[in-house]
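This is what each chain is made of:
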Amino acid sequence: MSRRLESGSESGPKSTSQHSEPVGDYDLVVIGAGLAGLSLACWLLQLAEDGQATLPRVCFLEPRTSYSNDRTWCFWDLEPQPFRDLITHRWFRWQVSQGDQTACQSDRAAAYAMLPADVLYQYALARIDESPAFDLHLGVTVSGVEHIDDGALVSADQRRWQAKAVIDTRPPGKGQLASGVGFWQVFSGLEITCPKHGFDTSTATLMNFQPGYPHPCFLYLLPLDEDHFLVEWTAFQLEKESASDYRSDLDLWLQRQGLGYYEVTREESGSLPMLRMPAVQSFGRVIRAGVGAGWMRAATGYHFVSCQRGSAALARQILTAHASDDWRLQDPTVRAGWLDWMDSVFLRALKRHPEKAPQWFVGLFAATSAAQMSRFMNDQPRWRDALAVASALPPGPFVRAALPW
Ligand SMILES: Cc1cc2nc3c(=O)[nH]c(=O)nc-3n(C[C@H](O)[C@H](O)[C@H](O)COP(=O)(O)OP(=O)(O)OC[C@H]3O[C@@H](n4cnc5c(N)ncnc54)[C@H](O)[C@@H]3O)c2cc1C
């Protein structure tokens, strides 16, 4: 049986009404097969294998017709997850700098890790392909979800899918984004082959602040080996802007490095909402997941680790629901509420004093340990880590930002 069905490849009678009869006999429909959808698939497979549980019948609906190497996921590799063996690079040292000030952290037990999207996509698609319980339909753009008594109906084009529950991983809607307080993290990046580029391959540069811009701007530089590196020009902007606006800044910076000959082998760019999104209303049978559910960390734009945590929690609920045939699901908690509150305060303070960003970030990484920052950045701080972070920042602007007026 084909598990990866192209748009329009369904067989069966077509109805004469606007929509055809619902297709498939699925327990669950997952809308979107990006990071959250594919993570959910892999967590379901892994947890079912570990617990010898039966898999529900799941249908994944995705508008793309093919996958490309469109991004790299970086995160601190602190906990197991289904893609851990696919990590291609690890750095045990990372730094934040501005001018001649550099804060460097290192810890053999905490690696900053990189996972290229093509590696993850290929692995997850192969796992879905192998599973008789899963179908992936490419070229399908969902237009609506309807609640029915014993489940939900998902519509796309002229077709509908009926299932006992739906996980919706579509990106956030305009309404969700409009009300948030924060920034847009806009970045334009290049993967470059440059023999003997000279950057220290043992250190990941998370932020190298660039002077002379009205908004915080920094270089992100990951030396992949002696001859390759990934470099991104990143800006925190008040409005969503096109990342292509920053390509010329990046080119100029590269010129200034005097690298000689280099070849661009890949490009990636994006605009990530650094906003605390209003809670989405999930219903027992239809649950939001991924960035659209607010899983991305507002103060950092990191999402990979919270996505693994959310997907694992959802997969556990789904296996239990399948065993009991009670499909009332709940939104998983991906991080503590007080951490979201800390992020809101941080973003409010940064919005009032964008010129202070380099000083605050360098000071933060200088005053905390690698273990503390990696846990804090990965949404898993202990109380002491959070206290260390809070006390590394100047009290005045942050206390004022914490006040409700
Ligand atoms: C270039 C780039 C680099 C990033 N790097 C990092 C990083 O280093 N670390 C990190 O933690 N985070 C990173 N992020 C942020 C975040 O992890 C990614 O954006 C991640 O892919 C978001 O996961 P998601 O599943 O919520 O969204 P996506 O991966 O975008 O998946 C959503 C899916 O829904 C599909 N979809 C959209 N509309 C419909 C529809 N109508 N019907 C059906 N399906 C639909 C989309 O095609 C997509 O496949 C990066 C983001 C970008 C863009």
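Located above this text is the structure these notes cover.
Predicted, not measured: the structure shown is a model, and the values here were computed from it. (Residues numbered from 1 in each chain as written. Predicted model: local features only at pLDDT ≥ 70, side-chain atom pairs only at ≥ 80, totals over all residues. Heavy atoms only, no water.)

Any chance you could break down the environment of Leu 177 for me, citing the residues and the numbers?
With respect to the secondary-structure elements, Leu 177 resides in helix α3 (residues 174-178). For Leu 177, a relative accessible area of 17% puts it in the buried group. Along the backbone, Leu 177 and Arg 276 are 99 residues apart, and their C-alpha atoms lie at a distance of 8.6 Å. Dropping the residues within four chain positions of it, Leu 177 is found in contact with Pro 172, Trp 184, Pro 273, Leu 275 and Met 277. (Helix = DSSP H or I, 4+ residues; strand = E, 2+ residues; numbered from the N terminus. Buried < 20%, exposed > 50% of the residue type's maximum accessible area, 1.4 Å probe, protein only. Contact = heavy atoms within 4.5 Å.)

I'd love a proper account of the site of the ligand, names of residues and values included.
In the vicinity of the ligand there are 32 residues, among which Ala 36, Glu 62, Cys 74, His 303 and Phe 304 approach most closely. Contact distances for the ligand include 2.6 Å between an oxygen atom and a side-chain N or O atom of Glu 62. In the environment of the ligand, an oxygen atom lies 2.9 Å from a nitrogen or oxygen atom belonging to the side chain of Arg 71. Starting from 970 Å² of accessible surface for the ligand in isolation, the protein chains cover 86%. Among the secondary structure elements, those contributing two or more residues to the shell around the ligand are α1 (35-51), β3 (58-62), β4 (72-77) and β17 (263-275). (Near = heavy atom within 4 Å. Polar contact = N/O pair within 3.5 Å; in protein donor to acceptor, adjacent residues only side chain to side chain. Areas by Shrake-Rupley, 256 points an atom, 1.4 Å probe, with all protein chains shown as cover.)

Any chance you could break down unusual backbone geometry for me, citing the residues and the numbers?
Positive phi is not limited to glycine here, since Gln 52 has a value of about 50°. Among the structural elements, Gln 52 can be located in the loop between α1 and β3. Residue Asp 379 is not a glycine yet carries a positive backbone phi of 70°. With relative accessibility at 8%, the residue Asp 379 sits in the buried group.

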